[in-house]
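Structure at a glance
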Amino acid sequence: MAEPMGFFTDTTVCIGCKACEVACKEWNQLPATNGGVNVLSGLSYDNTVRLDGTHWRHVKFIEQFSPDRKEGRWLLMSDVCKHCVQAACLEVCPTGAIIRTEFDTVVIQSDVCNGCRYCITACPFDVIGINEVTGTAQKCTLCYDRLQAGLVPACAQACPTQSIQFGPIRELRQRAAARVAQLHAQGETRAYIYGDESMLGGLNSFYLLVDRPETYGLPANPQLPSKQAGPSWLFSAGSAIVAGLLGLLAFRKRRMDEAAQPAAGREA
Amino acid sequence: MLLERTNLFHWETLVYLEMFIAGVAAGAYGTAALLEWLGRGRSPLARTAHLLAFPLMLIAAFLLIIDLQRPERFWHMTLQSKTLLPMFKPWSPMSLGSLIILLFSAVAFISFVDAVIDRGALALGGWRQGRTLHGSALGRLWAVIGGLLAFGTASYSGVLLSVSNIPGWGQSTLIGALYVATAMVTGMAALLLLQALSGRVAPTDLVTLAQANTWLIVWWLVVLVLFVATLGGGAVFFLSGAALVALIGAVVLGGIVPLILWFGPARTGRAGAAAFAVLVLLGGLLVRYAVVMGPQQHG
């Protein structure tokens, strides 16, 4: 197996140019929204709004201004599938369409997916959506085809500020730690890494953030939904046992009543 | 904290209808299994359940298939599309559920054929009227297997909703328990309705069934209350809008009114029993609607 590969996205140097979005769309031949007719969302400079089946990269524009507009800052973040080490989508996919590649990335095989949409409900980051052209669930593949050819993913290649950095995860984590230390030394003490090994076994696409995860639309404590399975089955079994016993008792009671009063009626 | 979702997955009418219909099939078959264990595997009530469960499962499977974005690939749920080896991930409720549905449908089919044979409409060698599976020692074993698969069919879709990151669903581990109780209560109600409409059953037998159903209604209401009470912050998804109306409707129409009827006309007449059953079925459908649609109305 090749070394685990991924993205380190340093949001402090993102300039919101959306070159990553364009490069992703172009390389992966993803269709334009609304047939290419521009529809303004009214949400800052963000008109694609979210990650979904046809937007595998999404640049978030977060405006933080004081009420009098005298102080303010922009938070910019190029979001993408996190390629979780413990991937909820991969776990729940009933067809085997979602696989882990030799690069430790998570890929949906479009020729296998039958569009059940369970992965959409399982993803803690709301990354996956249906591509209406293929009728299948889709998301970032971390340019699996390019990786197999020894190329850098299209978004990282296009990023002009190296906000999106691609490479072996081990090396990226060292680079990220050094960058956080640098920012702290410069006085930006809010800088931290989102997606270390404590989060779902580690996110293979992780971020340097300077505000709470929720500010960026990220969950503070993403969970694998499968932790619910054990208790759910257990409570279901308990409910079935109670229902079964009640049914048995009701039928048996009636039978005993009938035995006591032979004329009461025949068997149910 | 669960993330606010923007990607819609549209598990809507087809899904809650499928859950309702499969639940009725599982509940009816579960009732037949109980009767089998009480030595009444060939009773008219058990036979009605055998005749009902398989056709309902066919409808449920059809609904599931047409709800897929790529229905022609439905078989990918059970066979690996590239190798044709079995596709089975027991830790995935949908994968496990696909297998359970397949097996339950197969078991229900045998019971369906057995019921047809019992009516003298068919004979297959030694498998003929008077020598049927149900009502025999093997029938008891069959009822154990079928009963367990009916439980799986009734519960897996609820577990599936809990095993998600959708706010509301992902905050409860009692949806499966609620679904099992709903399946039993609606399955029994469907049998009661068919018995009442057929006119072939003695009124006292209807009372037996209605009484069993009444006890289960109480259990169903208990689980429903527990489900809502343990939702915490997720309650907002079920206690607002159409989901709230549906839940109130379910409790009143499917729970309270039938219990009131039980002490009145349902105890004595066929029409009362039929009304009782229809209300319970309606209540079950409303619960399925509320559970499935509640969180999605906040998307």
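Residues numbered from 1 in each chain as written. Chains lettered and ligands numbered in written order. Predicted model: local features only at pLDDT ≥ 70, side-chain atom pairs only at ≥ 80, totals over all residues.

1. Topic: the domain arrangement of chain A
Think of interface size as the accessible area that goes away when the parts come together; that is how it is often given. Domain boundaries in chain A define domain 1 (5–223) and domain 2 (227–264). A straight line from the C-alpha centre of domain 1 of chain A to that of domain 2 of chain A covers 50 Å. (Domains from an automatic or database assignment.)

2. Details of the interface of chain B and chain A
Between chain B and chain A, the contact holds 60 residues from the first and 58 residues from the second. Elements that contribute at least two residues to the side of chain B that touches chain A include exactly helix H1 (13–37), helix H3 (93–118), helix H4 (137–162), helix H5 (175–198) and helix H6 (203–229) of chain B. With 10 residues, H6(B) is the single largest residue contributor to the side of chain B that touches chain A. Grouping the amino acids of the side of chain B that touches chain A by side-chain chemistry returns 32 nonpolar, 22 polar and six charged. (Contact = placed C-beta atoms within 7 Å. Helix = DSSP H or I, 4+ residues; strand = E, 2+ residues; numbered from the N terminus. Nonpolar A, V, L, I, M, F, W, Y, C, P; charged D, E, K, R; others polar.)

3. Quick notes on unusual backbone geometry
The backbone phi angle of A:Asp126 is positive, close to 55 degrees, even though this residue is not glycine. Within the element layout of this structure, A:Asp126 appears in the loop between helix H3 (118–122) and strand S6 (129–131). A:Asp126 gets classed as buried once you count the C-beta atoms within 10 Å, which come to 22. Although it is not a glycine, B:Leu84 sits at a positive phi angle of roughly 65 degrees. Here B:Leu84 shows up in the loop between helix H2 (44–67) and H3. Overall, the presence of 9 C-beta atoms within 10 Å leaves B:Leu84 in the exposed class. (Buried ≥ 20, exposed ≤ 12 C-beta atoms within 10 Å, placed from the backbone.)

4. Section: the pairing of strand S3 (residues 72–80) of chain A
All names here are of chain A. Examined bridge by bridge, strand S2 (residues 57–65) and S3 share nine bridges and lie antiparallel to one another. The residue bridging Lys60 from the neighbouring strand is Met77, located in S3. Between the end of S2 and the start of S3, which pair antiparallel, lie six residues, with Arg69 showing a positive phi angle near 65 degrees. (Pairing = 2+ DSSP bridges.)

5. Focus on H3(B)
All names here are of chain B. In this model, H3 (26 residues) spans 36 Å end to end at C-alpha, consistent with the 38 Å of a helix rising 1.5 Å per residue. When you tally the buried positions in H3, you get 19 out of 26 residues, the bulk of the element. Just downstream of H3 lies Gly120, where phi reads positive at about 80 degrees. (Expected span 1.5 Å × (residues − 1).)

6. Overview of the sheet that holds strand S1 (residues 5–10) of chain A
The strands making up a sheet associate through backbone hydrogen bonding, with each pair oriented either parallel or antiparallel. Residue and element names in this part refer to chain A. The four strands are arranged S8-S1-S10-S9 in an open sheet whose pairing can be described as mixed. Each edge of the open sheet is held by one strand with a lone partner, namely strand S8 (164–168) and strand S9 (192–194). Averaged over all adjacent pairs, the angle separating strand axes in this sheet is 25 degrees, with direction ignored. Bridge analysis of S9 against strand S10 (residues 205–209) gives three bridges, and the strand direction is antiparallel. Bridge pairing in S10 links Tyr194 to Tyr207. Across the sheet, helix H6 (residues 169–185) lies against S1, S8, S9 and S10, angled at about 135 degrees from S8, the strand it touches most. (Axes fitted to C-alpha atoms, helices over the stretch in contact; angles between N-to-C directions.)

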